Amino acid sequence: MITGEKILDYKEELIRDLSELIAVKSVSTNDPASCEAALDFMLEKGREMGFETKKVSPKCGHIQFGSGEKLSAVLAHVDVVPSGEGWSSDPFTLTERDGRYYARGIVDDKGPAMTALYCMKALKDSGIEPAGRIRLIIGAAEEIGMDDMTQYFASEEMPSQAFTPDSEYGICLKEKGILHIEITSPYHDGTTLTEFHAGNAINAVPSKAYALIDCTETEDHQLRRFADAKPGEYDFIYTMDGLRIDGRGKAAHASTPELGLNAATHLIRILAAEFGQTVLGSLCSFIDDAIGLENDGMSLGIACSDDLSGNLTVNVGRVDIDDNESRAYLDIRYPVSADSSEICNIIRERASYDGLRARVISHELPLNMEEDAPIIATLRQAYKNVTGEEAELYSTGGGTYARTLKNSGVAFGPTFPGDETHIHDVDESVDVDNFWKHAKICLEAMKGIAEK
């Protein structure tokens, strides 16, 4: 009988193919062609292994094993967030160092995607005949709103049971709703501040921000004193256009903004302390007054929580201010019991107070899976078979493909508590032993759904 250990027979092949996949710079925010190339790479590997494949759109497709009426699935994505600066090695080269694998996507989510494919191969090579069809459903736009799965399920059937290895162990039963909101002004109405830019992705805490200001020498000296006393690091650079201040914080995933240090909001706070909000413009005034350095939405008037999924969180993911635009983007994760319409209305009203417009650009509804769902028992058993321990049930602010499954699936793995993987940050990495432990659990889980 095949066990999770079987995946170790494919170590060399899996790492070889994963290295090639990681080398495809499939950054979803700016390169859809490369994201499609990563999808095509996975589908081609599936064909080479003898599986049936289908490309549903440039953003999604599947690899299928078995036949029959019942459909089970594993969902994974091959797009990634921008690499950012400051890596200790090339982010698009899989590097093993000091007992860890480093690369953008090694955890989120190229590593788990390739692992799931090789788990299918291990089942096939072992002569397993699934009770129905198993699909590895692959997306290439997960990091920018998951419209890849909207496209996929517009024409493809919904699986009866599924999991996505795109969170952490144990088993995630609840996922907060996710709102991405754009705050705009028709023009930049500041005087002292002429430019401000921060962030590359809405769903990440920006680690860098810069401001260009027109100020006196006395104001410059006072700003330096403020900066020295505040969190973060700041460089002051004289240019022909004025004083440029570069701020550095700490990146983190938007689902856990408290783990980062938002370079945008901290730099705005320093500027507001010296100049006041008015001369910075209405957008900076809104950010500093209605959000400030908070992560819970208290000043914005939307703070809430529940016992099922925890507190609401707010992250200012991007800010862009210059002569041509004045806009910011908020990532809001709200509890499963919260009223999203009320949250949006409050934000619109508060933004209008500063003469700004608030617009929802994407909305992912919460996931609220029941503990007694059949897939939960299968995943619990897979986890116990490999670790000897019971899988904990938990909720998350993270957004995974599970929320697109209409309560037929959950997030399961691939990371383990205590392993600092730096997802959405520089030096994304995973402990080598944990990588292969996940691979064993994934194979056990896929075997479990194949048998049922």
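So, a few notes on the structure that sits alongside this text. These numbers were taken from a predicted model, which means no experiment stands behind them.

Thresholds applied
- Throughout, residues of each chain are indexed from 1 in the direction in which the sequence is written.
- Note on the predicted model: pLDDT of at least 70 is required for a residue's local features to be given, and 80 or more for side-chain atom pairs to be given and counted; whole-chain, interface and lining totals, by contrast, use all residues.
- To obtain the side-chain values, all non-hydrogen atoms of the structure were used and water was disregarded.
- By the criteria applied, helices consist of DSSP H or I runs no shorter than four residues and strands consist of E runs no shorter than two, each listed in order from the N terminus.
- In this description the radius of gyration comes from C-alpha coordinates, and the expected globular size is given by 2.2 Å times residues to the power 0.38.
- To sort residues, take the accessible area from a 1.4 Å probe on protein chains only and compare it with the maximum for the residue type: under 20% means buried, over 50% means exposed, and anything in between is partly exposed.
- Two residues qualify as a contact provided that any one of their heavy atoms is within 4.5 Å of a heavy atom in the partner residue.
- The Shrake-Rupley method, run with a 1.4 Å probe, gives the accessible areas here. Residue values count only the displayed protein chains as cover.
- Charged-residue counts in this description rest on Lys and Arg as positive and Asp and Glu as negative, His and the chain ends being excluded.
- The atoms used to mark charge sites are NZ of Lys, CZ of Arg, CG of Asp and CD of Glu.
- Ring pairs shown here join Phe, Tyr and Trp side chains whose ring centres sit within 6.5 Å, with only the six-membered ring taken for Trp; geometry is labelled stacked below 30 degrees between planes, edge-to-face above 60, and tilted in between.
- Whether a charge lies above a ring is judged from NZ of Lys or CZ of Arg, which has to be within 6 Å of the ring centre and within 35 degrees of the ring normal.
- Two strands make a pair as long as DSSP finds a minimum of two bridges between them.
- Here an angle of 0 to 180 degrees is reported between the N-to-C directions of two axes, which are lines fitted to C-alpha atoms, with helices fitted over the stretch in contact.
- Salt bridge, as used here, is a side-chain nitrogen of Lys or Arg placed within 4 Å of a carboxyl oxygen of Asp or Glu.
- Using only the protein atoms, space was sampled on a 1 Å grid; points where a 1.4 Å probe fits but cannot get out form cavities, open sets with protein on both sides within 12 Å along at least five of seven lines form pockets, and lining residues are those with an atom within 4 Å of a point.
- Grid points are joined across faces, edges and corners, and a volume is the space filled by probe spheres set on the points.
- Charged residues are taken to be Asp, Glu, Lys and Arg, nonpolar residues to be Ala, Val, Leu, Ile, Met, Phe, Trp, Tyr, Cys and Pro, and polar residues to be all remaining types, Gly included.

A few words on the overall build of the protein chain. Helix and strand content of the protein chain: 10 helices and 26 strands. Computed over the C-alpha atoms, the radius of gyration of the protein chain is 23 Å, within 12% of the 22 Å expected from 2.2 N^0.38 for a compact globule of 452 residues. Overall, the C-alpha framework of the protein chain stretches about 75 × 45 × 40 Å when taken along its three principal axes. By residue count, 59% of the 452 residues in the protein chain fall in the buried class. Taking all contacts inside the protein chain whose residues are at least 6 apart in sequence as the whole, residues at least 24 apart take part in 76%. Accessible area of the protein chain: about 18,000 Å², with a carbon and sulfur share of 45%. Taking the average location of the 43 positive side-chain charges in the protein chain and that of its 76 negative ones, the two points are 4 Å from each other.

Tallied over the full model, the rule gives 9 aromatic pairs. Geometrically, the ring pair formed by Y169 and F412 is edge-to-face, given 4.9 Å between the ring centres and 90 degrees between the ring planes. Highlighted residues: Y169 in the loop between β8 (167–168) and β9 (171–175) and F412 in strand β24 (residues 409–412), separated in sequence by 243 residues. Note on Y169: relative accessible area 4%, which makes it buried. A relative accessible area of 0% places F412 in the buried class. Members of the aromatic cluster, each reached through a chain of ring pairs, are F163, Y169, Y383, F412 and F416. Geometry around F51 places K124 over its ring, the cationic atom sitting 5.9 Å from the centre. Directly above the ring of F416 sits K437, whose terminal nitrogen or CZ lies 4.7 Å from the centroid.

So, on to the sheet that holds strand β20 (residues 326–334). Taken together, 8 strands build an open sheet; the order of strands is β14-β15-β13-β11-β19-β20-β10-β21 and the sheet is antiparallel. The sheet is open, and its two borders are formed by β14 (233–239) and β21 (357–364), each paired with just one other strand. If you compare each strand with its neighbour and ignore which way they point, the axes differ by 20 degrees on average. Two elements, strand β13 (residues 208–213) and strand β15 (residues 242–248), share 6 bridges in a ladder whose sense is antiparallel. Among the inter-strand pairings, K208 is bridged to a residue of β15, identified as R248. Of the strands in this sheet, β13, β14 and β15 are in contact with helix α5 (residues 217–228), which crosses β14 at around 165 degrees. Relative to β13, helix α6 (residues 263–275) is tilted by about 30 degrees, and along the sheet it contacts β11 (193–198), β13, β14, β15 and β19 (313–321).

Right, let's get into the pattern of salt bridges. Under the counting rule described, the total for this entry stands at 33 salt bridges. The shortest N-O distance in the salt bridge between K121 and D125 comes to 3.3 Å. Placement of both K121 and D125 in helix α3 (residues 110–125) is noted, with a separation of 4 residues, approximately one turn of the helix. A relative accessible area of 42% places D125 in the partly exposed class. We note a salt bridge from R333 to D331, for which the minimum N-O separation is 2.6 Å. Linked through salt bridges whose partners overlap, the residues forming this network are R16, D17, K45 and E48.

So, on to the layout of surface pockets. Each pocket or cavity is described by its volume, and for the largest pocket that value is around 890 Å³. For the largest pocket, the lining is made up of 41 residues, of which E168, H253, S255, T256 and I423 are closest to its centre. Of all elements in the fold, only β8, β10 (177–184), β16 (252–253), β23 (393–396) and β25 (414–415) reach the threshold of two or more residues within the lining of the largest pocket. For the lining of the largest pocket, the element with the highest residue contribution is β23, accounting for 3 residues. Its residues placed into classes, the lining of the largest pocket shows 11 nonpolar, 18 polar and 12 charged. Estimates place the volume of the second largest pocket at around 650 Å³. When contributions to the lining of the second largest pocket are tallied by element, the ones reaching two or more residues are β11, β12 (204–205), β13 and β15. With 4 residues, the top contributor of residues to the lining of the second largest pocket is β15. Among the residues forming the lining of the second largest pocket, the class breakdown is 11 nonpolar, 9 polar and 9 charged.

A word on the sheet that holds strand β5 (residues 100–102). On the basis of which strands lie adjacent, the open sheet formed by 3 strands has the order β4-β5-β26 and antiparallel pairing. Every interior strand has two partners, whereas the edge strands, β4 (95–97) and β26 (429–431), have only one. Across this sheet, the average inter-strand angle for adjacent strands is 25 degrees, counted without regard to direction. Pairing of β5 with β26 involves 3 bridges; the strand directions are antiparallel. Note that in β26 the partner of R100 across the bridge is D431. In this fold helix α10 (residues 432–451) packs onto β4, β5 and β26, with an angle of close to 80 degrees to the strand it touches most, β26.

Geometry only, nothing functional implied.
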